[in-house]
Amino acid sequence: MKYLVLVGACYLDTILTVPHFPSEDTKLRATSLTTRRGGNVPNTLEVLTQLAPSLQTHLITVLPSRSSPATTQILSSFSHSPPPDDPSPGTPHRIGTPNFSHCLYREAHTSPASSYIIRSSATGSRTIVNHNALEEMTTREFVHAADGILDGIEHKGDGVWWHFEGRIPETTLSCVRHVRRVAPASIVSVEVEKPLRDGLRELAAEADVVFYSRSWAESQGYANAEACLRGEAASSKASLLLCTWGSHGASAFSPSTNTCTTHAPSSDDIKVVDTIGAGDTFIAGMLYSLICHTPQAAKLRFAVELATAKVQREGFAGLSRSLDLEL
Ligand SMILES: *[C@@H]1O[C@H](CO)[C@@H](O)[C@H](O)[C@H]1NC(C)=O
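Residues numbered from 1 in each chain as written. Predicted model: local features only at pLDDT ≥ 70, side-chain atom pairs only at ≥ 80, totals over all residues. Heavy atoms only, no water.

Engineer: When you look at the site of the ligand in this model, what are you seeing that I'm missing?
Structural biologist: Inspection of the region around the ligand gives His 58, Asn 99, Ser 101, His 102, Gly 148 and Ile 149 as its neighbouring residues. Within the side chain of Asn 99, a nitrogen or oxygen atom sits 2.4 Å from an oxygen atom of the ligand. His 102 places a side-chain nitrogen or oxygen 2.7 Å from an oxygen atom of the ligand. When the ligand is considered free in solution it has 360 Å² of accessible area, and contact with the protein chains removes 38% of it. (Near = heavy atom within 4 Å. Polar contact = N/O pair within 3.5 Å; in protein donor to acceptor, adjacent residues only side chain to side chain. Areas by Shrake-Rupley, 256 points an atom, 1.4 Å probe, with all protein chains shown as cover.)

Engineer: What is the right way to look at the sheet that holds strand 14 (residues 259-263) in this model?
Structural biologist: Strand-to-strand pairing in sheets goes through backbone hydrogen bonds, with the strands running parallel or antiparallel. Strand order in the open sheet formed by 8 strands is 4-1-9-10-11-12-13-14, and the pairing between neighbours is mixed. In this open sheet, the two strands that pair with only one neighbour each are strand 4 (56-60) and strand 14. The mean angle between the axes of side-by-side strands here comes to 15°, regardless of whether they run parallel or antiparallel. Where strand 12 (residues 240-244) and strand 13 (residues 250-254) come together, 4 bridges link them in antiparallel fashion. Residue pairing in the sheet places Cys 243 in a bridge with Ser 251 of strand 13. The sheet contacts of helix 3 (residues 139-151) involve strand 1 (3-7), strand 4 and strand 9 (160-165), and relative to strand 9 the element is tilted by about 155°. (Pairing = 2+ DSSP bridges. Helix = DSSP H or I, 4+ residues; strand = E, 2+ residues; numbered from the N terminus. Axes fitted to C-alpha atoms, helices over the stretch in contact; angles between N-to-C directions. Contact = heavy atoms within 4.5 Å.)

Engineer: Help me understand the layout of surface pockets in this model?
Structural biologist: Here the idea is plain: a probe the size of a water molecule rolls over the atoms and shows the empty space left. Of the volumes computed, that of the largest pocket is approximately 1300 Å³. Top element by residues in the lining of the largest pocket is helix 8 (residues 278-291). It accounts for 5 residues. Residues belonging to the lining of the largest pocket are distributed by class as follows: 20 nonpolar, 17 polar and 12 charged. (1 Å grid on protein atoms, 1.4 Å probe; cavity = no way out; pocket = protein on both sides within 12 Å on 5 of 7 lines; lining within 4 Å. Points joined across faces, edges and corners; volume = space filled by probe spheres on them. Nonpolar A, V, L, I, M, F, W, Y, C, P; charged D, E, K, R; others polar.)

Engineer: What exactly am I supposed to notice about the environment of Phe 302 here?
Structural biologist: Among the secondary structure elements, Phe 302 is positioned in helix 9 (residues 296-311). With a relative accessible area of 4%, Phe 302 lands in the buried category. Spatially, the C-alpha atom of Phe 302 lies 15 Å from that of Ser 247, the residues being 55 residues apart in sequence. (Buried < 20%, exposed > 50% of the residue type's maximum accessible area, 1.4 Å probe, protein only.)

Shown next as structure tokens:
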């Protein structure tokens, strides 16, 4: 499997770092302000371009007008240079280039979907407020994009991996059904993240691989990752279910063998500097391991260690180099 299509929203993140989380109706001076491209699926894609430069990736996402500065900034964010503190600047490091030809442009808009993130230095927490005026992708738009991607693939039997952010569950569900109909060799993964969003369980039921977030699991009353996976496996046809649990790492459940594996970060000396996108990095690590066929036992460990490396650095640049990529 050489093709991966990622479907989900793209945000521009404005990150305000504050000494501590403010209380309501008070004033506080931020210690820094940064903007960067965000969104779960684009974050996952950015990490994947480092891990698997030869994987052919397509991004289906809604963007403002083609000519807007925001669109230029977002698309160029995938071809960043290595971070300034890169320990081995002499070694060229190949980064894959995603195919953006099936992105959806909202020509009447110049502003992207935006996230305003308050990051507390005291705890490392990130509190997120979103605003998105762009109309969501419709099933029709997805069908057009998906058919265009499939037309460009010579050996359709190779199969395509489709990863969906579980955004608008009804739309995503009809997109998944379309893929199943027109490309039966496809593998579908979905992310179940937003707490209390209706329809995510129905969506998970149709996927081959499901990624649950801790916040979703807790919103359903689960006390740990294994409880979530065992509880949810009953209503899903998925062959693999995964759940991250913050500093406790993540768990994987295979219904066929009824086994649950947990991997916690192997180091206990972790200095958290940036948790934004840690879950997206975990997903990138798992997709990489699953698509590139690394040994079964190593997959979960690799994804957890990758996400652990992520929280100890700003952003995603140079992430794959921080790890020994031998699996
Ligand atoms: C992107 O994919 C389309 C098919 O969906 C193909 O026609 C086009 O050449 C690709 N672009 C690049 C830069 O590879």
